[in-house]
Amino acid sequence: MANGEAQEQHRERQDHFSRLMFGSFPSRATGEREDQGSGAEPPLLPNIDFMKLFENVNTLADSWQQLKPLVKKITSLVDLLKK
């Protein structure tokens, strides 16, 4: 099995496209990623009031709808000044 793992690591080093796109691969033999993942991590979204968030998004969307005609007039004015 050790020979198969060595061939796989060699193949990963030789894969130029993957290295170009994603950078160098971390070594799989150390197992450090598993140790890091087992630690207690804080939640990503603590105490977010989603109702308030959606209210704010709705307010922004309404404001944009009201400002849309003004933006169209300004862009047409800028287009005239460019000419």
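Residues numbered from 1 in each chain as written. Predicted model: local features only at pLDDT ≥ 70, side-chain atom pairs only at ≥ 80, totals over all residues. Heavy atoms only, no water.

Novice: Explain the overall build of the protein chain here, please?
Specialist: Summing up its helical and strand segments, the protein chain has 4 helices and 0 strands in all. When the helices and strands of the protein chain are listed from N to C terminus, the series reads α-α-α-α. In the protein chain, which comprises 83 residues, the proportion classed as buried is 2%. Entry remark: accessible area of the protein chain is about 8300 Å², with carbon and sulfur atoms responsible for 59%. (Helix = DSSP H or I, 4+ residues; strand = E, 2+ residues; numbered from the N terminus. Buried < 20%, exposed > 50% of the residue type's maximum accessible area, 1.4 Å probe, protein only. Areas by Shrake-Rupley, 256 points an atom, 1.4 Å probe, with all protein chains shown as cover.)

Novice: How should I be thinking about a nonpolar patch on the surface in this particular structure?
Specialist: There is a patch of nonpolar side chains on the surface, built from Trp 64, Leu 67, Leu 70, Val 71, Ile 74 and Val 78 and spanning about 520 Å² of accessible area. Structurally, Ile 74 can be placed in helix H4 (residues 50-82). Taking the relative accessible area as the measure of exposure, Ile 74 reaches 45% and is therefore partly exposed. (Patch = residues over 30% accessible without salt bridge, like charges linked within 9 Å, V, L, I, M, F, W, Y side chains within 5 Å. Salt bridge = Lys/Arg side-chain N within 4 Å of Asp/Glu carboxyl O.)

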